[in-house]
Amino acid sequence: MSAAPVVPWPGRHSLVSEPHEEPRVSMSRIPFDQLPADVRQAVTDKTGPVHQAVTMTGGMNSGVASVLETESGSVFVKGIASDHAQVAAQRREAEIAPHLPTSCPRLYWHLEVGGWSLLGYEVLSGRHADYSSGSADLVLVEAALTELQRTTAPADVEIKDAMDRWADYAPPGTLQHFSGNTLLHTDFAPHNVLIADGRARLIDWAWPTRGAAWIDPGTLALRLMDAGHPAENAIAFAGRFPSWRNTDPEALAAFGSASAALWREIAEEDPTPWKQGMAKRAAAFRLALL
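## Re helix 6 (residues 231–238)
Residues of helix 6 that are buried: A231, A234, I235, F237 and A238. When helix 6 is viewed along its axis, its buried side chains cluster within an angular range of 155 degrees and face the same direction. Summarising the contacts, the buried residues of helix 6 are in contact with helix 3 (137–149), helix 5 (215–226), helix 7 (242–245) and helix 9 (273–289).

This is the structure we're talking about:
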């Protein structure tokens, strides 16, 4: 049986809004067929006639999320009203797309028309990554992150700097360790990694970050802990990446402290069991890096 289609819209399972960033606000989902006629025509001009439009039910951060079967093939269309608070994040996603490695789904086009911002993406057939111990997906995730580690953050796209992003959480005198020019993903939740065609594909690029390359292996290690890996094993996995392995231990300890402080704040603001669990895991992560 073939895998079900999985489409790459960002923010489906974002942990929280990052400090100083636009809030992630859920919005009502409308079918593609209910968009204004001029908006649908603009899409048709890109794709050819639309034979079928299937509204996706998952996620909550896109007003439109539909897989279209068109004259030129399948395309996933996600959209936000141009006056919505999150439209800046979607536009940033479109700007960063040409700079992403091949492990990321291809963005075909970006339209601003009729009060809507729309992105047309490659449709993938696959599933979300399995991070459990012994999973064959882990080597695929490692390969995708290895590719990303070689990607420089583009100078012509306005994205968050890691020093700013962790400024409120890093211990005094350690923030300089977060500086760098690598393009970072920073949220390796398994929902943001699709296994398709024998590869791990990185999605959810609404919040790209410029910073030290070792940060992404660190964020992945935290997600491995969430999947049941002991802190020591998760940190050992991060050590597969030269950026982490060759970094000053003070920098890694600073990241552990910053992660613990961030997740503690998240859990205090919204004490749901999952976020409380992540706060506990981040605290254990911090101790393991001291």
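## Overview of the sheet that holds strand 6 (residues 116–121)
Sheets are built from strands that pair by backbone hydrogen bonding, the pairs being arranged parallel or antiparallel. Reading across the sheet, the 5 strands line up as 2-3-4-6-5 and stay open at both edges, with antiparallel pairing between neighbours. For this open sheet the edge positions go to strand 2 (50–55) and strand 5 (107–113), each flanked by a neighbour on one side alone. Put simply, the sheet's adjacent strands are angled 25 degrees from each other on average, direction ignored. Against the sheet, helix 2 (residues 87–96) contacts strand 4 (73–81), strand 5 and strand 6, and its axis sits at roughly 35 degrees relative to strand 6.

## A word on the packing of helix 5 against helix 8 (residues 249–269)
Here helix 5 crosses helix 8 at 50 degrees, and the two axes come no closer than 11 Å. One finds that helix 5 runs oblique with respect to helix 8. The two elements helix 5 and helix 8 cross, and the hand of that crossing is right-handed. Along the contact surface, helix 5 presents I215, G218, T219, L222 and R223, while helix 8 presents F255, S259 and W263. Of the residues in the contact of helix 5 with helix 8, the class split is 4 nonpolar, 3 polar and 1 charged.

## Concerning the nonpolar core
One recurring pattern in soluble globular proteins is that nonpolar side chains are buried together. Core analysis: the biggest nonpolar cluster contains 57 residues, and Y131, F178, W214, I215, L220, W244 and F285 have the highest contact counts within it. Among the elements of the structure, helix 3, strand 10 (182–184), strand 11 (193–196), strand 12 (199–202), helix 5, helix 6, helix 8 and helix 9 are those that each provide at least two residues to this core. Ranked by residue count, the leading element in this core is helix 8, at 11 residues. Not counting the four nearest positions on each side in its chain, F285 is found in contact with G218, A221, L222, M225, I235, W244, F255, G256 and S259. In terms of nonpolar packing, the next biggest core, distinct from the first, is built from 13 residues, V39, V64, W109 and L111 among them.

What counts, and at which threshold
- Residues numbered from 1 in each chain as written.
- Predicted model: local features only at pLDDT ≥ 70, side-chain atom pairs only at ≥ 80, totals over all residues.
- Heavy atoms only, no water.
- Buried < 20%, exposed > 50% of the residue type's maximum accessible area, 1.4 Å probe, protein only.
- Helix = DSSP H or I, 4+ residues; strand = E, 2+ residues; numbered from the N terminus.
- Arc of directions from axis to C-beta.
- Contact = heavy atoms within 4.5 Å.
- Pairing = 2+ DSSP bridges.
- Axes fitted to C-alpha atoms, helices over the stretch in contact; angles between N-to-C directions.
- Parallel < 35°, antiparallel > 145°, perpendicular 65-115°, else oblique.
- Left-handed = near helix turned anticlockwise from the far one by under 90°.
- Nonpolar A, V, L, I, M, F, W, Y, C, P; charged D, E, K, R; others polar.
- Core = buried A, V, L, I, M, F, W, Y, C linked by side-chain atoms within 4.5 Å.

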